[in-house]
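For reference, the chains in residue letters:
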Number of protein chains: 2
Amino acid sequence: MATGRNHRPATSRSRGIPEATVARLPLYLRALTALSERSVPTVSSEELASAAGVNSAKLRKDFSYLGSYGTRGVGYDVEYLVYQISRELGLTQDWPVVIVGIGNLGAALANYGGFASRGFRVAALIDADPSLSGKPVAGIGVQHTDELEKVVDDNGVSIGVIATPAGAAQQVCDRLVAAGITSILNFAPTVLSVPEGVDVRKVDLSIELQILAFHEQRKAGEDVPAEEDTAPPAAPPAASVTKRTDSGPDGDLPAVMPA
Amino acid sequence: MATGRNHRPATSRSRGIPEATVARLPLYLRALTALSERSVPTVSSEELASAAGVNSAKLRKDFSYLGSYGTRGVGYDVEYLVYQISRELGLTQDWPVVIVGIGNLGAALANYGGFASRGFRVAALIDADPSLSGKPVAGIGVQHTDELEKVVDDNGVSIGVIATPAGAAQQVCDRLVAAGITSILNFAPTVLSVPEGVDVRKVDLSIELQILAFHEQRKAGEDVPAEEDTAPPAAPPAASVTKRTDSGPDGDLPAVMPA
DNA sequence: ATGCCTTTGTGAACGCGTGCACAAAGATGG
DNA sequence: CCATCTTTGTGCACGCGTTCACAAAGGCAT
């Protein structure tokens, strides 16, 4: 979900499309594209739902927000639906994107082939390290952070990707926003503060793993319920100053490896 | 969210902890760790909520599921809370992880420093490319896919990360599950089917960007509402066989660059 | 043309998640 | 020991999202 401080009332529905539905449209589109390639003319809600990994009723309701694009007794026309969803998602136009922070992750993102395939185009790669300047990554020359504003302005970029260490994320974010960017995909493990009107979505490997660990522990714990608390570090009252030196801070490292 | 076909009734709450709360615990933990490093003894729900980017009432309710760890009139003991959340998330134990698919992304993940910091340890790197076998990535030798089962078994791995191209994802997933893995973090742009009891979480750059594009388009569209549909590719009835050759399939490419 | 069969589109019920607002609890100072 | 002030913990209401279940709609065969 969009983090930061831009809580659109969830009633964000532009023309009435629920946020949850919007999040699933790309899933449907992917499944439909696959069908399209196999030249499948039509598909039923049941089949498509199965391919997308969702409930068929949910899929039908999702599509109902877009309009009545199906034919009762038959199903949906694949090509037509691909077009409608693409249009709804804004994929019929070109979206220049800038990637800031060309470390391991930033480079991997720059090399991501699926980027260009859906209307997204890497307009520029930016990094604060001067020694990277000019060096080509994925066929694109890395530019210095100083060029950020100019690059955004010249290319009319509205979407920025932050792949810097956590410590630099907010600063980069502020500059991107000031330069006119209104949508940010954040890979740094930080909560970004952005002004009203700017969308932020975050991808955080660390969090995903921790959630998995929680469930994993629960699965294992069901068999061994006897293991309660092992050795609490002094209860709240006895606050104490037991400075923890273990578990190094990951708060200053990007979620998926930076520079 | 966990995709695939393992819809736990959302009432997954192990001891009553809502899924939404579990997803926020890592966020709180990160903020608390930062405070801990600055040797801040206690923190109020208001302050911590602000740092984590959430509502203070929500934070208090979240913590209430863990127990009454706060002190009225004072706040929460930072150290104590760090311990409690860590324990709840299962971060007090070691979680060996295997990464399958050592392409751009896989390598970036392997290099991710924050991995080890929170109880996660990269036990092995696996790739189908024989030419990679033995080559060290992030200080760990890459092993061939043939070793998958053995590696999982020998190290007692229960969490697997899939960073392969979409085409190989399901197959890798099946092998991981068969080998005994019960939690999967999927970076490939595919819906994975897994048996009951296996958790799958997915990270998909392509989807995130498309969601941003949707909102971006909406922002721009508010000013220019006159632009309705431009040129639909024939309505459903006139299905036609207008094979789309543009927008290459991204269905066979991993979300964040593979090998 | 008529009836049957398939599949959509959606009304309605339900449950989870969120946020408000306040009572209870504890700390603190006199 | 009491009054006051701060902050937690939570009851309650509201709204979004999900799912069921079915009526309406269209194709197709006879």
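Now for a look at the structure at hand. Within each chain, residues carry numbers counting from 1 in the order of the written sequence. Each chain gets a letter, beginning with A, and each ligand a number, beginning with 1, in the order they are written. Two thresholds apply to this predicted model, a pLDDT of at least 70 for residue-level local features and 80 or more for giving and counting side-chain atom pairs, whereas whole-chain, interface and lining totals are computed over all residues. Only hydrogens and water are removed before side-chain values are computed, so all heavy atoms of the structure are retained for them.

1. Quick word on helix α1 (residues 19-37) of chain A
All names here are of chain A. Helix numbering and strand numbering both begin at the N terminus, where a helix is a DSSP run of H or I of at least 4 residues and a strand a DSSP run of E of at least 2. For a helix, the expected span equals 1.5 Å multiplied by the number of residues minus one. The end-to-end C-alpha distance of α1, which contains 19 residues, comes to 28 Å, matching closely the 27 Å that a straight helix rising 1.5 Å per residue would cover. At L25, α1 shows its largest kink, close to 25°, and the proline P26 lies no more than four residues downstream. The classification of residues rests on relative accessible area computed with a 1.4 Å probe and restricted to protein chains. Under 20% of the type maximum is buried, over 50% is exposed, and intermediate values are partly exposed. Where burial is concerned, most of α1 is hidden: 14 out of the 19 residues are buried. A residue's bend is given by the angle between axes fitted to the 7 residues ending at it and the 7 residues starting at it.

2. Quick word on the protein's contact with DNA strand D
In the neighbourhood of DNA strand D, 26 residues make up the surrounding shell, with R24 and R72 of chain A together with S45, R72 and Y76 of chain B lying closest. What you see for DNA strand D is that sugar and phosphate hold 63% of its atoms within 4 Å of the protein. Polar contact is the term for a pair of N or O atoms within 3.5 Å; when the atoms are in protein, one must be able to donate a hydrogen and the other to accept it, and sequence-neighboring residues count only if both atoms are side-chain atoms. Here G70 of chain B contributes a backbone N or O atom positioned 3.0 Å from a phosphate oxygen of DNA strand D. One of the side-chain nitrogen or oxygen atoms of Y76 of chain B is found 2.6 Å away from a phosphate oxygen of DNA strand D. Secondary structure elements with two or more residues in the surface near DNA strand D: α1 and α3 (56-66) of chain A together with α3 (56-66), β2 (70-71) and β3 (75-77) of chain B. In terms of residue count, the dominant contributor to the surface near DNA strand D is α3 of chain A (4 residues). Of the residues that constitute the surface near DNA strand D, the class distribution is 7 nonpolar, 10 polar and 9 charged. When at least one non-hydrogen atom of a residue lies within 4 Å of a molecule or strand, that residue is treated as near it. All residues other than Ala, Val, Leu, Ile, Met, Phe, Trp, Tyr, Cys, Pro, Asp, Glu, Lys and Arg, Gly among them, are scored as polar; the first ten of these are nonpolar and the last four charged.

3. Side note on the packing of aromatic side chains
Stacked, tilted and edge-to-face are the three classes assigned to paired rings of Phe, Tyr and Trp, where Trp is represented by its six-membered ring and a pair needs centres within 6.5 Å; plane angles under 30 degrees give stacked, over 60 edge-to-face, the rest tilted. Applying the stated criterion to the full structure yields 6 aromatic pairs over all chains. For the ring pair Y69 of chain A and Y80 of chain A, a centre distance of 5.4 Å and an interplane angle of 85° mean the geometry is edge-to-face. Taken together, the positions of Y69 of chain A in the loop between α3 and β2 (70-71) and Y80 of chain A in helix α4 (residues 78-89) put the pair 11 residues apart, joining distant regions of the chain. Overall, Y69 of chain A belongs to the buried group, its relative accessible area being 15%. Pairing Y28 of chain B with F63 of chain B gives two aromatic rings, centres 5.2 Å apart and planes at 80°, and the pair type is edge-to-face. Residue Y28 of chain B is found in helix α1 (residues 19-37), and its partner F63 of chain B is found in helix α3; the two are separated by 35 residues along the sequence. Linked through ring pairs, Y28, F63 and Y76 of chain A together constitute an aromatic cluster.

4. Comments concerning the sheet that holds strand β6 (residues 136-137) of chain A
We call two strands paired when DSSP finds no fewer than two bridges between them. Strands sit in the order β6-β7-β5-β4-β8-β9-β10 (chain A) across an open sheet of 7 strands; the sheet is mixed. The sheet is open, and its two edges are formed by β6 and β10 (199-202) of chain A, each paired on a single side. Any two residues whose heavy atoms approach within 4.5 Å are treated as being in contact. Comment: axis = line fitted to C-alpha atoms, over the contacting stretch for helices; angle = value between 0 and 180 degrees taken between N-to-C directions. Contacting β4 (95-100), β5 (120-127), β6 and β8 (159-162) of chain A, helix α5 (residues 104-111) of chain A runs over the sheet at an angle of about 160° to β4 of chain A. On top of the sheet, helix α9 (residues 205-221) of chain B reaches β4, β5, β8, β9 (183-186) and β10 of chain A; it is set at about 165° to β9 of chain A, its chief contact.

5. A word on the pattern of salt bridges
Salt-bridge detection follows one rule: a side-chain nitrogen of Lys or Arg within 4 Å of a carboxyl oxygen of Asp or Glu. In total, this model carries 16 salt bridges over all chains according to the counting rule given. One salt bridge in this structure joins E208 of chain B and R201 of chain A, with 2.4 Å as the shortest N-O distance. One end of the pair, E208 of chain B, is in helix α9; the other, R201 of chain A, is in strand β10, on a second chain. For R201 of chain A, a relative accessible area of 11% gives the class buried. Note that E149 of chain B is salt-bridged to R175 of chain B, the shortest N-O span being 2.9 Å. Taken together, the positions of E149 of chain B in helix α7 (residues 148-155) and R175 of chain B in helix α8 (residues 166-178) put the pair 26 residues apart, joining distant regions of the chain.

6. Quick look at the sheet that holds strand β10 (residues 199-202) of chain B
Paired through their backbone hydrogen bonds, the strands of a sheet run either parallel or antiparallel. All names here are of chain B. One open sheet accounts for 7 strands, arranged β6-β7-β5-β4-β8-β9-β10; its pairing is mixed. Looking at the sheet topology across the chains shown, the edges are occupied by β6 (136-137) and β10. By the bridge criterion, 4 bridges tie strand β4 (residues 95-100) to strand β8 (residues 159-162) in an arrangement that is parallel. Residue pairing across strands places V98 opposite G160, the latter belonging to β8.

7. Side note on the protein's contact with DNA strand C
Neighbouring DNA strand C are 26 residues; S45 and Y76 of chain A together with K58, K61 and R72 of chain B lie closest to it. Of all atoms in DNA strand C that approach within 4 Å of the protein, 65% are sugar or phosphate atoms. Those elements that place two or more of their residues in the surface near DNA strand C are α3, β2 and β3 (75-77) of chain A together with α1 and α3 of chain B. Each residue belonging to the surface near DNA strand C can be placed in one class, and the counts come to 7 nonpolar, 10 polar and 9 charged.

8. A few points about the packing of α5 of chain A against helix α5 (residues 104-111) of chain B
The geometry of α5 of chain A relative to α5 of chain B is characterised by a closest axis approach of 9 Å and an angle of 170° between their N-to-C directions. Judged by the angle between their axes, α5 of chain A and α5 of chain B are roughly antiparallel. α5 of chain A and α5 of chain B meet at a crossing whose hand is left-handed. Of the residues in α5 of chain B, those touching α5 of chain A at N104, L105, A108 and N111 of chain A are N104, L105, A108 and N111 of chain B. The class makeup of the residues in the contact of α5 of chain A with α5 of chain B is 4 nonpolar, 4 polar and no charged. By definition in this entry, angles of less than 35 degrees are roughly parallel, angles greater than 145 are roughly antiparallel, angles of 65 to 115 are roughly perpendicular, and the rest are oblique. Take the far helix as your reference; a near helix turned counterclockwise from it by less than a right angle gives a left-handed crossing, and one turned clockwise gives a right-handed crossing.

Remember, this is a structural readout, not a statement about activity or role.
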